[in-house]
Structures are given as structure tokens and as C-alpha cells.
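Inside the fold
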Amino acid sequence: MSAMKSKVGMVLLVVLLVAGCGAPERQLDPPAAPTSGPVKPSAAPTPRTELTVVAAGDLLVHPPLTEQAALDARRNGRDGHDFTRVLAAIRPRVSAADLAICHLETPLAEPGGPFTGWPEFSVPPQLADAAAWAGFDTCSTASNHSLDTGVAGIARTLDNLDRVGLRHTGTARSAAEAARPNVLDVAGVKVGQLSYTLSFNGIELPAGRPWAANRIDQDAILAEARRARAAGAEIVILSMHWGTEYQNEPNGDQLDLARVLLDSAEIDLIVGHHAHVVQPFEKIGAKWVAYGMGNLTTRFGDGSPENTQDAVVPEFTFRRTASGRWEVTDVTVLPTWMEYRPAARVVDLAAAMTDPRLSAGQRAHYARIHQRIVGYLGLRGALEAGLRTQH
């Protein structure tokens, strides 16, 4: 587990220490003299040579999903919104990883709203609580909707991620924050995360704040990656909001930029968002790119293409090579599906298509979706390069 995932334990420790501050000081006996030879120094912990990184598709919330989260909260006797039931199926996989990365596509609102959907999103802040509950450690925030509610929306979003202990990158409240790379200590290994988007849907960056959100620029990406390396990052992961919406094939810009960035020494892995459908994975040299992971959460209108509900939750195993560099040596992918009825829930397809509690027809339905997603994943040779899917 990463240092991020020990935060609950640290909070409990602080509470216990504070609780004891008012107690009378206890007189401790002096330590006994050693009865034999000198005390041996404790051995240094063995450096990690392997890390698991889980990523996931877009956290995208339309008004019907907001309504589902409100209903789930009321059923549990609470006000507000509860997205934990929506995300429950992927919690075991996400929380087991050394590092788990989410993508927050839409700005967060005030607790009382207003909550809006396309074209300018503003969604309940409890989405951040659910992402932390699911086990995510850090979240990319650069998307085509980053500026939907202006600098106030950026500040609310990042304030809420801070509130629940989620790290973030891609948007910023100040120039200093924008210049500081997001480098996490993951079990003693420093990992940097970057986040960039292809556009802001025609909304201009606010005057005097060109740093408020990251637009894709090859030179800027590599410069930030170098800053992350200078801050100690041994692994650098790039989250990219790019591609053509509703197109399973990556477009030419994605293909060209992936090659340039992965050919550099600065970027170790690219994970993609935005297309609203699953796009293929590809191994380029010794590195991997996930062009598009689909929508982890969504609720498009009835009649939308079924593959807009597809997503994947990949796990990348990094191992330290003899040269000291880290490489992805294993990729396993969990296909998921955002089911709308009877309640909006993320479905773990590997579990659902073999669940004996479900009818044969239901299992066959999930197996068909699983097969469709695997087909998209393999469009650029990923299966032959060693990618495995859970089934």
C-alpha cells in the first residue's frame, strides 16, 4: 500500500496522542542495561522493486446520476449525495493497488448546487468523497470541462479533493501551485503524475491566469516531466484528455503524440480519457499507452450507443530494471460497464458474467459486453504484446 493509503491510520494515531495530552505525566523507569553484547542496528528496509498502478476512466456525472446519488443518500438516512454505491464494484481493485489514479472530468459544485449537466457541468462535491472511499490516491483534473464554472469552479474542485485527501494535477488555484509537480511517495518510490487536455470547449483561459488549466503542448508536457524528475520522481505517468469523442480508434494526433512522448526518457506511461468509449492499448517500445479508458461513471440519455457505458480499469505492474529505470512488465485490464437500471451502478464484468446468482441470460449479456470491450483493447496489437483481461 502507498503512503497515501495509510492516512486514516495516521489520523487515528494523532487523535490518540491528542487524547492523552491531559493525562498526568507517567514516570518511566530508566532502560535496563544490556545483558550481552552491543545492540545491532536494525536492518534498512529492502527497497521496493515492484509497484502496481491502477487507473480508471472518466468520472462523468450527468443529472440522472446526480439523482441516483441523492436517492442512495436518502436510503441511507443522509442528506446530499452518495456515489459510493455507484463505485462499489471497483473498490476492491482500486484500493488494493499501490497507487490508484482517477480522472475528474467535471467541476464540483457547492454542496447545495446548482448541479448541471452538458454543456457546462457542475456536479455534487460528494463525488470526491466517493473517489477517496474507493481507494483512489490522486486525480487528473485537466479536461474540456475544466473551465465550465470558471476559476471558482477550479478552486471548489481542488478544495474538495484536498478535503478528502486526494492529490491532484491539471488545474491550479495559483501560479505557484501550477508550477509545482504532483510527485507522490508510493511505498518509498517517488511517482509523478501529469494532466493535460486538448481543449476547453471554446472557453478562454481567464485573463492573467494562463496556468489555471493545462492545455496539451508537447514542450510543456516534457518540461513538467523534467521538473517532476528533478523533484525526485522515478516514474512519470501522464493523464491525457484527448481523442475524438465516440470513436474507438485513436486519431492521428493521439498516435503521433504518444510516440513522441514515449520515445522521450521523461514519460513512462500514458493513460487516456475523453472519448466516452474504450480505445485500444498499445505497447510502444518498452512502454504502454492506454488511448482511452471510457467512462467509469456516466448516465447518457436512453437510446445512446451502448458502448458509451463501456470502461476499463487497468493495472500496470512496474518493475525496477537492472539499469535502475522502471518499466511496465505486466498489464491486466478489468472491463466494466455502467449499468443504468434498476439503479445506476458500475458493473465488474468479470465477476458478473460468472455470477451464479444471475440468470443465464444476464450472464450472457455481460459476457457479450466483455467480449466487445476486449475487441476494442486489441485493435493495436495489445493482446499480442501481452495485455491480459480479467474474465
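Below is a summary of the structure that appears in this document.

Conventions used here
Residues numbered from 1 in each chain as written. Predicted model: local features only at pLDDT ≥ 70, side-chain atom pairs only at ≥ 80, totals over all residues. Heavy atoms only, no water. Salt bridge = Lys/Arg side-chain N within 4 Å of Asp/Glu carboxyl O. Helix = DSSP H or I, 4+ residues; strand = E, 2+ residues; numbered from the N terminus. Buried < 20%, exposed > 50% of the residue type's maximum accessible area, 1.4 Å probe, protein only. Pairing = 2+ DSSP bridges. Expected span 1.5 Å × (residues − 1). Contact = heavy atoms within 4.5 Å. Polar contact = N/O pair within 3.5 Å; in protein donor to acceptor, adjacent residues only side chain to side chain. Phe/Tyr/Trp six-rings, centres within 6.5 Å; stacked < 30°, edge-to-face > 60°. Lys NZ or Arg CZ within 6 Å of the ring centre and 35° of its normal. Axes fitted to C-alpha atoms, helices over the stretch in contact; angles between N-to-C directions.

Before going further, it helps to spend a moment on the pattern of salt bridges. Any two side chains of opposite charge can pair, on the condition that their charged atoms come close. Following the criterion strictly, the structure yields 20 salt bridges and no others. In this structure, D159 engages R173 in a salt bridge whose closest nitrogen and oxygen atoms are separated by 2.6 Å. One end of the pair, D159, is in helix α6 (residues 150-163); the other, R173, is in the loop between β4 (167-169) and α7 (175-179), with 14 residues separating them in the sequence. Here the salt bridges do not stand alone but share partners, grouping D159, D162, R173 and E177 into one network.

Quick look at the pairing of strand β5 (residues 182-186) now. Burial of β5 is extensive: four of the five residues sit out of reach of the surface. In this sheet, strand β6 (residues 189-197) lies alongside β5 in antiparallel orientation, the contact comprising five bridges. In the strand pairing of β6, L184 is matched with V191.

All right, on to α6 then. An ideal rise of 1.5 Å per residue puts 20 Å on 14 residues; α6 measures up with 20 Å between its terminal C-alpha atoms. Those residues of α6 that fall on the buried side of the exposure criterion are G153, I154, R156, T157, L158, N160 and L161. The elements touched by buried residues of α6 are β2 (99-104), α5 (126-134), β4 and α7.

What follows deals with the side chain of D98. Structurally, D98 is set in the loop between α4 (91-96) and β2. Within the structure, the side chain of D98 is placed 2.9 Å from the side chain of R48, a separation counted as a polar contact. Within the local environment of D98, its side chain forms a polar contact with the backbone nitrogen of T52, the two atoms lying 2.9 Å apart.

This part takes up the side chain of Q309. Counting through the fold element by element, Q309 comes out in the loop between β11 (295-297) and β12 (310-320). The exposure class of Q309 is buried, given its relative accessible area of 8%. From its side chain, Q309 meets the backbone oxygen of M338 in a polar contact 2.7 Å long.

Okay, the packing of aromatic side chains next. In this structure the tally under the stated criterion is three aromatic pairs. Aromatic side chains F281 and F316 sit 6.2 Å apart centroid to centroid with 15 degrees between the ring planes, which places their arrangement in the stacked category. A residue pair is termed long-range when its members are at least 10 positions apart, and F281 in strand β9 (residues 281-284) and F316 in strand β12 qualify at 35 residues. A relative accessible area of 0% means that F316 is categorised as buried. The residue whose ring lies beneath R299 is Y340, and the NZ or CZ to ring-centre distance is 4.2 Å.

Moving on to the sheet that holds strand β7 (residues 235-241). Across the sheet, six strands lie side by side as β5-β6-β7-β8-β10-β9; this open sheet has mixed pairing. Two strands bound the open sheet, and with one partner strand each, they are β5 and β9. On average, adjacent strands in this sheet sit at an angle of 20 degrees to one another, irrespective of strand direction. Of the strand pairs in this sheet, β6 and β7 are connected by seven bridges, and their pairing is parallel. Bridge pairing links V191 to I235 in β7. Where helix α9 (residues 252-263) meets the sheet, its contacts fall on β7, β8 (269-273), β9 and β10 (287-290), and the angle it forms with β9 comes to roughly 40 degrees.

Attention now goes to unusual backbone geometry. Looking along the chain, the bond that leaves W118 and enters P119 is cis, with omega of 10 degrees. With respect to the secondary-structure elements, P119 resides in the loop between β2 and α5. Here R341 and P342 are connected by a cis peptide whose omega angle stands at 5 degrees. Here P342 is to be found in the loop between β13 (326-339) and β14 (345-348). A positive phi angle, close to 55 degrees, is found at A187, a residue other than glycine. As for its placement among the helices and strands, A187 is situated in the loop between β5 and β6. The class of A187 is partly exposed, set by a relative accessible area of 24%.

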